[in-house]
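Here's the letter readout for the chains.
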Amino acid sequence: KKHWFLAAQLGVLAILASSQAWAQGGPGRGGRLERMAEEIGLSDDQATRIAALRAEFRQTTAPVKAELRELRGELRELWQQAPPNRHDIVDKQDELATLRQQIREARVDLRLGMMEILTRDQQQALSARRAERRGERGRGGRRRQARRGQ
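Each value, and the rule that gives it
- Residues numbered from 1 in each chain as written.
- Predicted model: local features only at pLDDT ≥ 70, side-chain atom pairs only at ≥ 80, totals over all residues.
- Heavy atoms only, no water.
- Helix = DSSP H or I, 4+ residues; strand = E, 2+ residues; numbered from the N terminus.
- Buried < 20%, exposed > 50% of the residue type's maximum accessible area, 1.4 Å probe, protein only.
- Contact = heavy atoms within 4.5 Å.
- Areas by Shrake-Rupley, 256 points an atom, 1.4 Å probe, with all protein chains shown as cover.
- Core = buried A, V, L, I, M, F, W, Y, C linked by side-chain atoms within 4.5 Å.
- Axes fitted to C-alpha atoms, helices over the stretch in contact; angles between N-to-C directions.
- Parallel < 35°, antiparallel > 145°, perpendicular 65-115°, else oblique.
- Nonpolar A, V, L, I, M, F, W, Y, C, P; charged D, E, K, R; others polar.

**Q** Hey, could you go over the overall build of the chain for me, with residue numbers and the actual values?
**A** For the chain, the count of helices and strands is 7 helices and 0 strands. Helices and strands in the chain line up, N terminus first, as α-α-α-α-α-α-α. Out of the 150 residues belonging to the chain, those deemed buried represent 36%. The long-range fraction of contacts in the chain, counting pairs at least 24 apart against all pairs at least 6 apart in sequence, stands at 72%. Counting only carbon and sulfur atoms, one obtains 49% of the accessible surface of the chain, whose full area is about 9500 Å².

Printed below as a string of structure tokens:
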């Protein structure tokens, strides 16, 4: 039951994070949730429930993210050994992959939870906004374009 709740929370975050409105600002300063609420017509109750899902997601994934940071440091150290040990590096990469998968699954659950909160019309409006944002960013999104200097 707890796994389902975590997954629901992650899905909500994934949906919110994928829209440009969600990509700018933050809670308490004209943030993404507030803009999304306006754009797709969230009620106060819906916004509160989504905020609670996001808070639970952050709380649940924070230790996993901290462990990811630690393992990335360990992986860097493994690469700096002379000579690097292939087996140790691959094992560390597997550990990182497992943690990343936990976060991906939590995002799925978050998104599913959010979809349960939204009406069908709101879900469709959010999907349309996401598609519009993808079209504006073009192939590869903003991160890839930023790396290429675009």
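**Q** So what's going on with the nonpolar core? Residues and values would help.
**A** Core analysis: the largest hydrophobic core is formed by 15 residues, its most contacted members being M36, I40, L42, I50, M114, L118 and L126. Residues L68, L78, L96 and I103 belong to the second largest nonpolar core, which totals 9 residues.

**Q** Can you explain the packing of helix α4 (residues 44–80) against helix α5 (residues 86–117)? Please cite residues and give values.
**A** Contact pair α4 / α5: the axes reach a minimum separation of 10 Å and the direction vectors enclose 170°. With respect to α5, the axis of α4 lies roughly antiparallel. Of the residues in the contact of α4 with α5, the class split is 17 nonpolar, 5 polar and 11 charged.

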